[in-house]
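Observations on the model geometry
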Amino acid sequence: MRLRSLESRVVTLFISLLLGLQLAGYVFIDRAIDNNALSSIESSLAINEKIFARLLDQNAQKLIEGATLLSKDYAFRQAIGTNDTQTMVSALLNHGDRIKADLTMVVGLDGKIVVASSDTLAHGFQQTVDNLIKSAAQNGNASSTDIVNGKPYQMVMVPVKAPLTISWVAMAIPIDQTLVNDMRELSLMQISLLTSKNDGPWQPNVSTLDAQEESKLAKLLPAQIKASTFIRDLMIDDDRYSARILPLAKNDKSTTIAVLQLSISHAIAPYKQLQRNLLILTILGGIVASIFSAITARRITGPVRQLAETARRLGTGDYKTTIDIQRNDEIGDLANSFSHMRDAIAHREKEISRLAYWDTLTNLPNRALFTEMLDEAIAQAKSRVTPCFVLMMDLDRFKHVNDIMGHRFGDLLLKQVALRLSAELGAGNTKPARLGGDEFAILLPATSADQAQQLAIKILESLEKPISIEDQTVDISAGIGIAGYPEHASDTASLLSHTEVAMYAAKQAKNGPVTYSPAIDKSSQQSLSLLTDMRTALEQNQFQLYVQPKLDLLTNQVIAVECLVRWVHPDKGTIFPDQFIPFAEQTGFIRQLTRWVMNAAAESCNAWNNAGIKIKISVNISTRDLLDQELPQKFAEILRLHQVQPQSFCLEITESAIMDDPVRAQQTLDKLHAMGMELSIDDFGTGYSSLAYLKRLPVDELKIDKSFVLKMEQDIDDTKIVKSTIDLGHNMGLRVVAEGIENAEVMALLKDLGCDQAQGYFISRPMPASKMPEWLHQWQNQQQQQGG
């Protein structure tokens, strides 16, 4: 019956032609060689074991002779008698170097080490010393093998007599590479010393094997070795060995063994002639087999060439090529596998393309695909002489949602936004895409500027409807920028860049969609320049600390000041806070500025305290400051630097700053209040915070916004608001401060309404902090004159 399997035909040919001629003789000879070699090696290893033991004894005797010579040295004994440590150490080092001992030491009769050539090494031999003293006391000298720092050592001990024993001399040498090399030269065997710590794996110490071979040997050895053990067969790389394992040293923590190895390969070297004869037979059989295999190969190479050509076509991306091979053997299986592989590659190519050009979260085109779509749209717009526009949208406070609700919730929100965006755009030429993060873009080919503006407004209106996710309702908004070809840019990169500039302008203005104009770019450049100038101002000390006094309305005494900052620019002159503080808050530079103000305020506080001026200093902190969980630590460092107390400071925070992130804000405020700083709600009445939330905050003061105070003597409604705020603050146990007082009538009215403190131009304009002591002295004199 004809064999249908190609593998069966090839195997049958080679087995019948090669193994039929050689198998019987080869097996018989191979077994005979192995048995003879192993018997010979086992005998040799037994002899080498005795040689190794004798070599160790010779080393021990050498050590004993050296130690005995040292113990009889008159100067050395005299140094022991007089406890001359320096002489003892010198003698130990000299004799140790002479016999190449790693350690020589003097041991007292109490078993304690008096001096040693190496204190670190000597410490590890303490237990061995105790055991050797007992043996040496009986036999006149003693030797043993121990393990220190993972290495085996031979150690001997002899008494020092004058004429009675006055102490002991101990010497130790490592069982190291020199010893195993000597053994290698004597016996042509491989020898390795290995150590196990705490019954752990064997670790090589020294060996005649190379590093890779000794590491493999360590892994092949049994974990527990208590007596001399013979291992018949060890395979290390391509070499076979027989080995004898000898326990060498053992203590509470470690065990060291010696492994003696002889190569089986070397032992069977004399039988190479027989193997050469077998090789000749193999070559002759191979020639015969090759003739028949060539005939079989012709049936294989044809289909293989066809499959190779198919593979080349697949490599060029041709997945439609057919594979016309109809066979029932392995070649047929290979052809079927090629067919399946072709289909699988085509499917994966399609999936890779989807992953490269589509956003996996929202199933919208990603930035790469959107860029290609925009390239194509601009090309069509050029040929048809029609405009095309791009809308770019970025969600407001999305990072805040991620931080509070988690990234999973943020992903669900992005999916809902994508669905709502797609629903608003509907089917047609409008193509939405997700560029990354919370940023989306919409391509509007053949669209006018008015149509793009109307669509942007429509999208913003759709986002005003709350989104419900897992029983949570989220209100979101966004900034949308608009730019078009050819009005605003002539290529894809510039159009996307200008759209992004318009988008960030829209997010900042919070007043609907913004269409790109060169003025916006100029504003961006000015903003960048302003940020650079502010950093330079901080480095060159262009900022100045100003203060405005606060008056106790009951006593007319100045009891506090509010810190303000002025920027004295070398070219632009004085720059007031409203020209750079908002931008500093947007960019995050406000954190560095707050730290500068706090440092300058603490410095002034220290100077005023030394001058006998005890007033509280108020410092404003922003939203970004409140979100900095390390703010209390930073303030504490500043206070320690200038040696002032936290009780000297009051921190003013606006309602809106607190409500941006109530949880993190309260954590920061609790830490600041715990330090001893007072806290004040600035511009009270202009925010949207709830009284229930404010009640939970560790606040000491309410500061009424100046918009209610400026003309309250003329506006009864402002007066009512101020009175209600004062009563509310007092009912909550808080101090109430009014700012923006510019005339005596308002100040008198506030006093009648029960307001605690006042601040404004009527009392004093802001002044440099350095002028404060002089102004305060004049104010006090003025009050005394009016009182007199």
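Each chain carries its own residue numbering, running from 1 in the written order of its sequence. Where totals are concerned, whole chains, interfaces and linings use all residues; where local detail is concerned, this predicted model gives features only for residues with pLDDT of at least 70, and gives and counts side-chain atom pairs only at 80 or more. Side-chain figures throughout are based on the complete set of non-hydrogen atoms in the structure, without hydrogens or water.

Turning next to the overall build of the protein chain. A run of DSSP states H or I qualifies as a helix once it reaches four residues; a run of E qualifies as a strand once it reaches two. Both are numbered from the N-terminal end. A count of helices and strands for the protein chain gives 27 helices and 27 strands. Whether a residue is buried, partly exposed or exposed follows from its accessible area with a 1.4 Å probe, protein chains only, as a fraction of its type maximum: under 20%, in between, or over 50%, in that order. Counting the 788 residues in the protein chain, one finds 44% classified as buried. By the convention used here, residues are in contact when the closest approach between their heavy atoms is within 4.5 Å. For the protein chain, contacts bridging at least 24 residues in sequence account for 63% of all contacts bridging at least 6. Carbon and sulfur atoms make up 52% of the accessible area of the protein chain, which totals about 41,500 Å². Note on areas: these come from Shrake-Rupley sampling with a 1.4 Å probe, and a residue is covered only by the protein chains present in the view.

Where nonpolar side chains cluster on the molecular surface, the patch consists of I280, L281, I283, L284 and I287 and spans about 470 Å² of accessible area. If you trace the backbone, I287 turns up in helix α9 (residues 272-315). A residue is classified by how much of its surface remains accessible, and I287, at 49% relative accessible area, is partly exposed. Exposure above 30% relative accessible area and no salt bridge define the residues that can form patches, which grow by joining like charges within 9 Å and nonpolar side chains of Val, Leu, Ile, Met, Phe, Trp and Tyr within 5 Å. Think of a salt bridge as a Lys or Arg side-chain nitrogen and an Asp or Glu carboxyl oxygen that are within 4 Å of each other.

Pairing in this open sheet of 5 strands is antiparallel, and the strands run β7-β6-β10-β9-β8 from one edge to the other. The open sheet has two free edges, formed respectively by β7 (202-207) and β8 (229-236), since each of these has just one partner strand. The sheet shows a mean angle of 35° between the axes of neighbouring strands, taken without regard to direction. The rule for pairing is simple: two strands pair if DSSP sees at least two bridges between them. Bridge count for strand β6 (residues 190-197) against strand β10 (residues 254-263) is 8 bridges, and the pairing is antiparallel. When the bridges of β10 are listed, I191 appears paired with L260. This element, helix α7 (residues 211-220), spans β6, β7, β8 and β10 of the sheet and lies at about 130° to β8. Here an axis means a line fitted to C-alpha atoms, over the contact stretch when the element is a helix, while the angle between two N-to-C directions is reported on a 0 to 180 degree scale.

Attention now moves to the packing of helix α13 (residues 407-425) against helix α14 (residues 449-463). Contact pair α13 / α14: the axes reach a minimum separation of 10 Å and the direction vectors enclose 135°. Considered as vectors, α13 and α14 are oriented oblique to each other. Considering only the axes of α13 and α14, their crossing is right-handed. Each of R420, L421, E424 and L425 in α13 lies in contact with α14, whose residues at this interface are L455, K458, I459, S462 and L463. When its residues are assigned to classes, the contact of α13 with α14 shows 5 nonpolar, 1 polar and 3 charged. Small angles under 35 degrees read as roughly parallel and large ones over 145 as roughly antiparallel, with 65 to 115 read as roughly perpendicular and the rest as oblique. A crossing counts as left-handed when the near helix is turned anticlockwise from the far one by less than a right angle, and as right-handed when that turn is clockwise. Gly counts as polar in this scheme, as do all residues outside two lists: the nonpolar Ala, Val, Leu, Ile, Met, Phe, Trp, Tyr, Cys and Pro, and the charged Asp, Glu, Lys and Arg.

Turning our eyes to something else, we now look at the environment of K706. In this structure, K706 sits in helix α24 (residues 706-709). Exposure remark for K706: the relative accessible area of 47% places this residue in the partly exposed category. It is 7.7 Å that separates the C-alpha atoms of K706 and I741, two residues lying 35 residues apart in sequence. Beyond its immediate sequence surroundings of up to four residues, K706 is in contact with E739 and G740.

Further remarks concern the pairing of β7. In terms of strand pairing, β6 meets β7 through 5 bridges, oriented antiparallel. Bridging across to β7, L194 finds its partner in P204. What sits between β6 and β7 in their antiparallel hairpin is a turn of 4 residues, with N198 showing a positive phi close to 55°.

As a further point, take the sheet that holds strand β4 (residues 151-161). Across the sheet, 5 strands lie side by side as β2-β1-β5-β4-β3; this open sheet has antiparallel pairing. With partners counted over all chains shown, the strands left at the sheet margins are β2 (113-116) and β3 (142-148), one partner each. Across this sheet, the average inter-strand angle for adjacent strands is 25°, counted without regard to direction. In this sheet, β2 lies alongside strand β1 (residues 103-107) in antiparallel orientation, the contact comprising 3 bridges. The residue of β2 that forms the bridge with V107 is I113.

Turning to the state of the cysteines, a few remarks are in order. Note that a disulfide, as used here, is simply two cysteine sulfur atoms within 2.5 Å. According to the stated counting rule, one finds 0 disulfides in the structure shown. Of all cysteine sulfurs, the one in C563 lies closest to C605, which takes part in no disulfide; the gap is 9.3 Å. Assessed through its relative accessible area of 2%, C605 is described here as buried.

For the rest of this paragraph, the subject is the nonpolar core. Joining through side-chain atoms within 4.5 Å is the link that ties buried Ala, Val, Leu, Ile, Met, Phe, Trp, Tyr and Cys residues into a set, and such a set is a nonpolar core. In this structure, F649, L750 and M772 are the most contacted members of the largest nonpolar core, which totals 80 residues. Looking at which element gives the most residues to this core, the answer is helix α18 (residues 590-610), with 10 residues. Filtering out sequence-adjacent residues up to four positions away, F649 remains in contact with M598, A601, A602, C605, K616, I617, V619, L639, V644, M677 and E678. The next biggest cluster of nonpolar side chains, apart from the first, holds 30 residues, and it includes L395, F440, L444 and I480.

Attention shifts here to the pattern of salt bridges. Oppositely charged side chains are able to pair whenever their charged atoms sit close together. Under the definition given, this model contains 18 salt bridges. When salt bridges that share partners are traced, they join K550, E562, E652, E678, E701, K703, R735 and E739 into one network.

To continue, consider unusual backbone geometry. The peptide bond linking A162 to P163 adopts the cis configuration, its omega dihedral lying at -10°. On the secondary structure map, P163 appears in the loop between β4 and β5 (165-174). Here the residue pair Y485 and P486 is connected by a cis peptide bond, since its omega of 0° sits within 30 degrees of zero. Its location among the elements puts P486 in the loop between β16 (478-485) and α15 (492-509). Its identity is not glycine, yet D199 carries a phi of approximately 60°, on the positive side. Mapped onto the fold, D199 is located in the loop between β6 and β7. Assessed through its relative accessible area of 57%, D199 is described here as exposed. Positive phi outside glycine occurs at N363, with the angle close to 60°. Inspection of the secondary structure assignment puts N363 in the loop between α10 (330-357) and α11 (367-384). Look at N363 and you get exposed, because its relative accessible area is 53%.

All right, on to the pairing of β8 then. Of the pairings in the sheet, the one linking β8 to strand β9 (residues 239-250) comprises 6 bridges and is antiparallel in character. The partner of I231 across the bridge, within β9, is A243. Hairpin connection of β8 to β9: 2 residues between the antiparallel strands, including D237 at a positive phi of 55°.

Another point: the confidence of the model for the protein chain. For every residue, the predictor states its confidence as a pLDDT score lying anywhere from 0 to 100. In this model, the protein chain carries a mean pLDDT of 83, and residues with pLDDT of at least 70 account for 86%. Predicted confidence in the protein chain is weakest over α9, with a mean pLDDT of 67, and strongest over strand β26 (residues 757-759), with 96.

Any two rings among Phe, Tyr and Trp, with Trp reduced to its six-membered ring, count as a pair given centres within 6.5 Å; such a pair is stacked if its planes are under 30 degrees apart, edge-to-face if over 60, and tilted if neither. Summed over the entire model, instances satisfying the criterion amount to 6 aromatic pairs. With 5.4 Å between their ring centres and 85° between their planes, F125 and Y153 make a pair best called edge-to-face. Placement of F125 in the loop between α4 (119-123) and α5 (126-139) and of Y153 in strand β4 is noted, with a sequence separation of 28 residues between them. Here F125 matches Y153 in class, with each residue buried. Clustering of aromatic rings is evident, with ring pairs tying together F543, W567, F580 and W596. For a lysine, the NZ atom is tested; for an arginine, the CZ atom; a charge sits over a ring if that atom is within 6 Å of the ring centre and within 35 degrees of the ring normal. The ring of Y546 has R566 lying over it, and the distance from NZ or CZ to the ring centre is 5.3 Å.

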